[in-house]
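Fold and geometry: a report
Below, each chain spelled out in residue letters.
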Amino acid sequence: MRILDQLIQSHESSQKLLAVLVDPDKIQSIELLRQFIGSCEYAKVDTILVGGSLLMNDSLEQCIETIKSSTKIPVVIFPGSPLQISGKADAILFLSLISGRNPELLIGSHVVAAPYLKKTGIEILPTGYILIDCGNATTVSYISNTQPIPYHKPEIAAVTALAGEMLGLKLIYADGGSGAQKPISEKTISAIKKQTTIPLITGGGIRSLDDAEKAWHAGADVVVVGTAFENDPTLIHSFRNRSTVKI
């Protein structure tokens with residue numbers, strides 16, 4: 001089954017999913033990565049996202065290969081630029097930054113990447129990417145040269161997501177950015193959920209199982225955790241004990 005079909009199926013059945021974001025730049029060693037992937041299996045992680053805003057070490061493919069050789073958990077590229085493409089992954093989030101007004105991130109970079117992606121044969125996941133201001137300037141907002149949607153303006157995030165769905169995008173990803181001071185508000189998640197009918201992914205500022213469960217209860221279909229697990233890889237073990245599969 002295609003990953004998009006799985007996401008839609010989970011969305012329709014109210015089954016909540018956990019994704020882990022792995023930044024290749026922050027991997028200290030291949031052995032530690034394998035150990036962390038073992039922890040992902042223990043915690044019953046549903047998807048592993050791979051990518052970063054910079055990728056200084058050109059280690060994307062090695063990272064994906066290591067993960068693919070260590071687990072059957074689907075691997076999806078979360079690209080920070082058109083250069084972050086690999087046919088070794090299962091799929092890629094084809095991100096259109098619909099909260100900003102930078103034409104390169106609405107369509108320009110996609111034109112550059114499209115021929116290469118077609119050659120890889122990996123599954124394309126057309127995704128409306130929405131940046132939310134969660135307390136500090138993030139790498140994503142700086143690199144993308146865009147202003148995030150204000151934290152206390154859930155109605156703007158909601159109609160932006162609605163426009164993305166009307167444009168034909170298949171997923172919405174609301175993100176506070178790596179290292180966000182706090183998670184996206186439950187009001188914003190709920191507002192997006194009420195306006196749209198497609199799967200909703202949310203991440204940024206999730207530091208605990210409690211944070212994740214608040215996002216799930218508010219309407220997120222997939223919660224993404226990255227920085228918290230980078231800072232404390234053992235934290236992922238607590239997510240095995242998440243109390244609900246359906247919320």
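Structure first, text after, so check above.
Residues numbered from 1 in each chain as written. Predicted model: local features only at pLDDT ≥ 70, side-chain atom pairs only at ≥ 80, totals over all residues. Heavy atoms only, no water.

What follows covers the packing of aromatic side chains. Scanning the entire structure with this criterion turns up 5 aromatic pairs. With centroids separated by 5.0 Å and ring planes inclined at 20°, the aromatic side chains of Phe78 and Tyr173 adopt a geometry described as stacked. You can see Phe78 sitting in the loop between strand 3 (75-77) and strand 4 (91-97) and its partner Tyr173 sitting in strand 6 (residues 171-175), a full 95 residues away along the chain. Take Phe78 and Tyr173: they sit in the same class, and that class is buried. With centroids separated by 5.3 Å and ring planes inclined at 85°, the aromatic side chains of Phe229 and Phe239 adopt a geometry described as edge-to-face. One end of the pair, Phe229, is in helix 9 (residues 227-231); the other, Phe239, is in the segment after helix 9, with 10 residues separating them in the sequence. For the pair shown, Phe229 and Phe239 are each scored as buried. Aromatic ring contacts, followed pair by pair, group Phe36, Phe229 and Phe239 into a single cluster. The ring of Tyr151 has Lys182 lying over it, and the distance from NZ or CZ to the ring centre is 4.0 Å. The side chain of Arg240 reaches across the aromatic face of Tyr42, ending 4.5 Å from its centre. (Phe/Tyr/Trp six-rings, centres within 6.5 Å; stacked < 30°, edge-to-face > 60°. Helix = DSSP H or I, 4+ residues; strand = E, 2+ residues; numbered from the N terminus. Buried < 20%, exposed > 50% of the residue type's maximum accessible area, 1.4 Å probe, protein only. Lys NZ or Arg CZ within 6 Å of the ring centre and 35° of its normal.)

The next thing to look at is helix 7 (residues 186-195). When we look at burial in helix 7, the residues that qualify are Thr188, Ile189, Ala191 and Ile192. All buried residues of helix 7 fall inside an arc of 165° around its axis, so they share one side. Seen from the buried face of helix 7, the exposed residues on the opposite side, beyond 90 degrees, are Lys187 and Lys194. The elements touched by buried residues of helix 7 are helix 6 (154-166), strand 6, strand 7 (200-203) and helix 8 (209-218). (Arc of directions from axis to C-beta. Contact = heavy atoms within 4.5 Å.)

A surface patch of nonpolar side chains, amounting to about 260 Å² of accessible area, comprises Leu106, Ile107 and Val111. Relative to the helices and strands, Leu106 is located in helix 4 (residues 103-120). (Patch = residues over 30% accessible without salt bridge, like charges linked within 9 Å, V, L, I, M, F, W, Y side chains within 5 Å. Areas by Shrake-Rupley, 256 points an atom, 1.4 Å probe, with all protein chains shown as cover. Salt bridge = Lys/Arg side-chain N within 4 Å of Asp/Glu carboxyl O.)

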